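Remarks on the overall topology
The residues making up each chain are set out below.
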Amino acid sequence: MNLSILVLPGDGIGTEVTCEAVRVLHRVAEKWNHTLRLTEGLLGGVAIHKTGTPFPDQTERLALDADATLMGAVGLPEFDNAPPHLRPEKGLLGIRRALGVYANLRPVRAYQALLDASPLKNHLAEGTDFIIVRELTGGIYYGVPRGISGEGAGERAVNSMVYTRPEIERVARMAFRLAQNRRGKLTSVDKSNVLENSQLWRKVVIEISREFPDVALDHLLVDNCAMQLVLNPKRFDVILTENMFGDILSDEGAVLAGSIGMLPSASLGGRKPSGAWVGLYEPVHGSAPDIAGQNKANPLGAIGSAAALLEYSFGLKEEAAAVNSAVEAVLNSGRVTADLRPSGPPATTTQVGQAVCEAI
Ligand code: IPM
Ligand code: MG
């Protein structure tokens, strides 16, 4: 198979972890006889430096042309006070929107080998296996009106949380279908005791649930969900939620997985004529400028994202499963980066990538 993939390393540790994910893709291509066609593009702070904008037109064209896009991370502290259109994060929001990837799948698993890496008691984290389906192209991240206006005591800032019925319907269907293929449980998370936006969300999710009688639906308010995630994470199978709630809850999921460096994600939009998903694949962690360039970032979130790319954008289930088993084998071997608190000396980013390749 020809795998034409756009790689956007981005900023900070994005470059290092993407390099290992690409190493793994080469190994898969070699073993299963696929042809990798990789192109590299600019996104985020590096794009601002080189082109003056976080999401250059060229990157948009490359992403629309590629079969799939693999991304590292964006964000650099030097842009912390930059105007909104000149922030690296704007590039990420731009590419998500341009590709129309409305559903962000963020699986969270507590691997046996990592139970001690989680600050939670082992019996709480053990057995955790859920997936967050985060709406990704709507809500408060994109709603208008938005902006800061006025001066002095009159200065004010506005953001709008906006959802239309079709936006809720499509991401809900995606989540219900996933639940059908898992343990048949879907928890929809909202703040419907306060927000009209969430009241519509809940109403539409209930309507869509009638199409999926084999899935058990329940609802949680987001504050309660944040608590249940650490009190009783095993109760969750599929969590469906809007953009910002999903952003926040998925970082909480990192505590269960042992490190945010472990979490992969797949952002899916419509289907291509071939039936494959339009997809953008990125680890959940950010650019971590404090450890960038030191070869110590955990590449497993990025590698897991590459596995998701093989599965969803190319239907290569066997290859994806092989990558995921290799990741598990490496975790069991203890050759892991410092964030996973290995008992011996920590492995480097490169060594972990190489170990995954050897295990494939
Ligand atoms: C994430 C990140 C991004 C988001 C940032 C970098 C814009 O936190 O993917 O979780 O908020 O979506
Ligand atoms: Mg986040």
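Taken together, the 10 strands give an open sheet; going across it, the order is β2-β1-β3-β12-β11-β4-β5-β10-β8-β9, and neighbouring strands pair in mixed fashion. Of all the strands in the sheet, the pair left with one neighbour each is β2 (35-40) and β9 (216-221). The average angle at which neighbouring strand axes cross in this sheet is 25 degrees, direction not considered. Direction of pairing for strand β11 (residues 266-271) relative to strand β12 (residues 277-281): antiparallel, over a ladder of four bridges. Across the sheet, residue arginine 271 finds its bridge partner in β12, namely tryptophan 277. The sheet strands contacting helix α3 (residues 57-65) are β1 (2-10), β2 and β3 (68-73), and the helix crosses β1 at an angle near 150 degrees.

Here the focus is the pattern of salt bridges. Across all of its chains, the model carries 15 salt bridges by this definition. The partner of glutamate 282 in a salt bridge is arginine 96, and the shortest N-O contact between them spans 3.2 Å. With glutamate 282 in the loop between β12 and α10 (300-314) and arginine 96 in helix α4 (residues 88-99), this pair connects stretches of sequence that are 186 residues apart. With a relative accessible area of 3%, glutamate 282 lands in the buried category.

Moving on: the packing of helix α1 (residues 14-32) against helix α11 (residues 317-333). One way to put it is that α1 packs onto α11 with a least axis distance of 11 Å and a crossing angle of 130 degrees. Here α11 runs oblique to α1, going by the angle between their axes. Of the two elements, α1 crosses α11, and the hand of that crossing is right-handed. For the pair α1 and α11, contact is made by Val24, Val28 and Trp32 and by Glu318, Glu319, Ala322 and Val323, respectively. Here the residues of the contact of α1 with α11 sort into five nonpolar, no polar and two charged.

Applying the stated criterion across every chain, the model contains three aromatic pairs. Arranged with centres 6.0 Å apart and planes meeting at 65 degrees, the rings of phenylalanine 130 and phenylalanine 236 form a pair that is edge-to-face. With phenylalanine 130 in strand β5 (residues 129-135) and phenylalanine 236 in the loop between α8 (222-231) and β10 (238-241), the pair connects residues that are 106 residues apart, well separated along the chain. Neither residue differs from the other here; phenylalanine 130 and phenylalanine 236 are each classed as buried. Plain terms: the ring middles of phenylalanine 176 and phenylalanine 212 are 5.0 Å apart, the flat faces sit at 10 degrees to each other, and that makes the pair stacked. Highlighted residues: phenylalanine 176 in helix α6 (residues 165-180) and phenylalanine 212 in the loop between α7 (196-209) and β9, separated in sequence by 36 residues. The exposure classification of phenylalanine 176 matches that of phenylalanine 212, with both residues buried. The side chain of arginine 134 reaches across the aromatic face of tyrosine 141, ending 5.3 Å from its centre. The aromatic ring of tryptophan 277 is capped on one face by arginine 271, whose charged end is 3.9 Å from the ring centroid.

Parameters at a glance
Residues numbered from 1 in each chain as written. Chains lettered and ligands numbered in written order. Predicted model: local features only at pLDDT ≥ 70, side-chain atom pairs only at ≥ 80, totals over all residues. Heavy atoms only, no water. Pairing = 2+ DSSP bridges. Helix = DSSP H or I, 4+ residues; strand = E, 2+ residues; numbered from the N terminus. Axes fitted to C-alpha atoms, helices over the stretch in contact; angles between N-to-C directions. Contact = heavy atoms within 4.5 Å. Salt bridge = Lys/Arg side-chain N within 4 Å of Asp/Glu carboxyl O. Buried < 20%, exposed > 50% of the residue type's maximum accessible area, 1.4 Å probe, protein only. Parallel < 35°, antiparallel > 145°, perpendicular 65-115°, else oblique. Left-handed = near helix turned anticlockwise from the far one by under 90°. Nonpolar A, V, L, I, M, F, W, Y, C, P; charged D, E, K, R; others polar. Phe/Tyr/Trp six-rings, centres within 6.5 Å; stacked < 30°, edge-to-face > 60°. Lys NZ or Arg CZ within 6 Å of the ring centre and 35° of its normal.

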